Structures are given as structure tokens and as C-alpha cells.
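Read off the chains here:
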Amino acid sequence: MFRTYVPSILFEPIDIGPVTMRNRIVSSASFSAMSDNGLFGERIALYHAEKAKAGVALTITEELAVHPSTEFGLSRNVRAFDRASIARFRRFTEIVHKYGAKTIGQLWHAGCHNLNRNQQLDIRIPLAVSPVPSMAFQDGYSVPRELTTREISEIQEDTRILRRICSTGDSMVWKSTRRTVT
Ligand SMILES: Cc1cc2nc3c(=O)[nH]c(=O)nc-3n(C[C@H](O)[C@H](O)[C@H](O)COP(=O)(O)O)c2cc1C
């Protein structure tokens, strides 16, 4: 027996602030391990393009590291603080928009939750607001170092710049001349 088709609001557009989503289907953030030497490369762009082609209204990126102190030890994570990533984000945004979807960049600083277990990478002490180990990821030795006021300002500045880049979409700009982002 066939069921009667009941129209769902799932497929109806919705306004979120100034942006109109074509429906209410969202693909949540998902670490892809596909970065191109730390940059947001073609593979990741095509991965999100497939979601856009399939009809999602919004696709959210994986974690984008806002500062060198949050390279969290998983290989192939995205180093968004690297200036070379700007062109890649532009290409990514273009391709997602081309297939009718929107996107949000997930800006990321892991603090005490940095995973520094990958022996292939530099093992660095996580930086956090206090020297208290992560309750979520207990590796037995990662007691974070307390951030200095200067480091907090640096991370805030990088996050602010990246937020501006993400929010400007197609016309991304990069105005900083600071050490960690040039
Ligand atoms: C492989 C994998 C990678 C993920 N990567 C991220 C991520 O980068 N950022 C994030 O906030 N959540 C991440 N998540 C969490 C998902 O976005 C989602 O919240 C979670 O999987 C729960 O949804 P589900 O029950 O539909 O799987 C990830 C989940 C999985 C399974």
C-alpha cells in the first residue's frame, strides 16, 4: 500500500539572518584528513561540492586551525592561519556556491584538547587558559602551558582576521601584516 506524500518543511527555504538557505538540510562539520599539505585543497573542495550537488543547503567545513598553537596532531589538518590558504578558501567557496549551497568555516583553537600524539608531527605542549589537562583526551603527559596575554591577543587577532575572510565569501580579503599570518 502506498503512503500519502506529506510535504515536509525540510525542503522549504529558510532565512538565517541575511542568508537564504534553499532548504533545511545541513551537513555538519567533518574532519576529512584530505588537506593538501595543510592547505584547503582541491580534494576537500570537491568533497564539499558533492554534498552541494546532492542538495544540501549548508555544508560546514572541518576544523580550521586559527593559529600555529592549535595544530592538534592529527595529520592532514587544515592550517588556516597560513596565508597561502586564502586562494584555496576562495576556490572552495566558489565551487560550493556554484552548486547552490552555502558554507561555514569552522574556526578552531583546541586549547587543552590539542592531540599531540602523532609521532610524525612535532610534539608540542598544548597552550590553554590554564595548566589543566584535557578531560576528554587524556594522553598522560599533555599538561598545557598557560597562555601569556600576548599569545591570547595573537590568537584573537588571527581568529578575527579569519572570521572576516570567511564572512566576506566570494570577495575574501586579507589585511593583516602580522607575523603569524603573513
Ligand atoms: C569522522 C568525523 C569527523 C568529524 N569532524 C568534526 C569536525 O571537524 N568538527 C566538528 O565540530 N565535529 C566533527 N564531527 C562531529 C559531527 O559533525 C557530528 O556532530 C557528529 O558526528 C554527530 O552527528 P551524527 O550522529 O549524525 O554522526 C565529526 C564526526 C565524525 C564521525
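Keep in mind that what you see is a predicted model, and the values were worked out from it rather than measured.

A closer look at the overall build of the protein chain
Reasoning step 1: Counting secondary structure elements, the protein chain contains 3 helices and 8 strands.
Reasoning step 2: Along the chain direction, N to C, the helices and strands of the protein chain fall in the order β-β-β-α-β-β-α-β-β-β-α.
Reasoning step 3: Evaluated residue by residue, the protein chain yields a buried proportion of 30% over its 182 residues.
Reasoning step 4: Looking at the protein chain alone, contacts between residues at least 24 apart form 63% of all its contacts between residues at least 6 apart.

A few points about helix H2 (residues 85-98)
Reasoning step 1: Under the 1.5 Å per step criterion, the end-to-end length of H2 is 20 Å for 14 residues, consistent within 8% with the ideal 20 Å.
Reasoning step 2: Taken together, the buried positions of H2 are occupied by Ser 85, Arg 88, Phe 89, Phe 92, Thr 93 and Val 96. Down the axis of H2, the buried set is contained in an arc of 135°. They therefore lie on one face. Residues Ala 87 and Lys 98 are exposed on H2 and point more than 90 degrees away from its buried face.
Reasoning step 3: In the stretch just after H2, Gly 100 is the one whose phi turns positive, near 85°.

Quick word on the site of the ligand
Reasoning step 1: In the region of the ligand, the neighbouring residues are Ser 28, Ala 29, Ser 30, Phe 31, Glu 62, Glu 63 and Gln 106.
Reasoning step 2: Of the residues assigned to the shell around the ligand, the class counts are 2 nonpolar, 3 polar and 2 charged.

Let's talk about the packing of helix H1 (residues 42-54) against H2
Reasoning step 1: Look at H1 against H2: their axes get within 8 Å of each other, and the N-to-C directions meet at 20°. As summarised for this structure, H1 and H2 are arranged roughly parallel, according to the angle between their axes. Where H1 crosses over H2, the handedness of that crossing is right-handed. Between H1, through Ile 44, Ala 45, His 48, Ala 49 and Ala 52, and H2, the contact on the second element is made entirely by Arg 91, Phe 92, Ile 95 and Val 96.
Reasoning step 2: For the contact of H1 with H2, the residue count by class is 7 nonpolar, 1 polar and 1 charged.

Quick notes on the pairing of strand S4 (residues 58-65)
Reasoning step 1: Of all 8 residues making up S4, 7 are buried, and the element is well covered by its neighbours.
Reasoning step 2: Where strand S3 (residues 26-27) lies against S4, 2 bridges are found, and the strand directions are parallel. Pairing of Val 26 across the sheet is with Leu 58, part of S4.
Reasoning step 3: Between S3 and its parallel partner S4, the chain crosses via H1, and the hand of that crossover is right-handed.
Reasoning step 4: Pairing analysis gives 6 bridges linking S4 to strand S6 (residues 102-108), with the strands arranged parallel. Note on S6: the bridge partner recorded for Glu 63 is Gln 106.

Observations regarding the nonpolar core
Reasoning step 1: Counting 23 residues, the largest nonpolar core has Leu 64, Ala 65, Val 66, Ala 80, Ala 101, Trp 108 and Leu 162 as its most contacted members.
Reasoning step 2: In this view, Ala 80 contacts Leu 64, Ala 65, Val 66, Ser 85 and Leu 162; residues no more than four positions away in its chain are not counted.

Examining the confidence of the model for the protein chain
Reasoning step 1: The share of residues in the protein chain with pLDDT of 70 or more is 80%, and the mean pLDDT across the chain is 81.
Reasoning step 2: Here residues 170-182 is a poorly scored stretch, pLDDT under 50, and it has 25 contacts once near neighbours within four places are set aside; other chains count.

Description of H1
Reasoning step 1: Here H1 contains 13 residues, and its C-alpha end-to-end distance of 18 Å stays within 8% of the 18 Å for a straight helix at 1.5 Å per residue.
Reasoning step 2: Buried within H1 are the following residues: Ile 44, His 48, Lys 51 and Ala 52. Within H1, the buried residues cover an arc of 100° as seen down the axis, which keeps them to one side. In H1, the exposed positions angled more than 90 degrees off the buried face are occupied by Glu 50 and Ala 54.
Reasoning step 3: Downstream of H1 by a residue or two, Gly 55 has a phi angle that is positive, lying close to 115°.

Criteria and cut-off values
- Going along each chain's sequence as written, the residues are numbered from 1 onward.
- A pLDDT threshold of at least 70 governs which residues receive local features in this predicted model, and a stricter bar of 80 or more applies before side-chain atom pairs are shown or counted, although totals over entire chains, interfaces and linings include all residues.
- Comment: elements are numbered from the N terminus, with helices defined as DSSP H or I runs of at least four residues and strands as E runs of at least two.
- Counting other C-beta atoms within 10 Å of its own, a residue is labelled buried from 20 upward, exposed at 12 or fewer, and partly exposed in the gap between, with every C-beta atom placed from the backbone.
- A pair of residues counts as a contact when their C-beta atoms, built from backbone coordinates, are separated by no more than 7 Å.
- Under the convention used throughout, the expected extent of a helix is 1.5 Å for every residue step, that is, one less than its residue count.
- In this context, the arc is that of the directions from the helix axis out to the C-beta atoms.
- Each residue gets a C-beta atom placed from its backbone. If that atom is within 6 Å of a molecule or strand, the residue is near it.
- Only Asp, Glu, Lys and Arg are considered charged in this grouping, and only Ala, Val, Leu, Ile, Met, Phe, Trp, Tyr, Cys and Pro are considered nonpolar; every other residue, Gly among them, is considered polar.
- Angular values range over 0 to 180 degrees, each being the angle between N-to-C directions of two axes fitted as lines to C-alpha atoms, with helices fitted over their stretch in contact.
- In this scheme, roughly parallel covers angles under 35 degrees and roughly antiparallel covers those over 145, while 65 to 115 is roughly perpendicular and the rest are oblique.
- For a crossing to be left-handed, the near helix must be turned anticlockwise from the far one by less than a right angle; the clockwise case is right-handed.
- Between any two strands, pairing holds if DSSP finds at least two bridges.
- By convention a crossover is right-handed if, when the strands point away from the viewer, the path from the first strand over the helix to the second runs clockwise.
- Nonpolar cores are identified as sets of buried Ala, Val, Leu, Ile, Met, Phe, Trp, Tyr and Cys residues joined via C-beta atoms within 7 Å.
- Think of pLDDT as the predictor's per-residue confidence, scored from 0 to 100.

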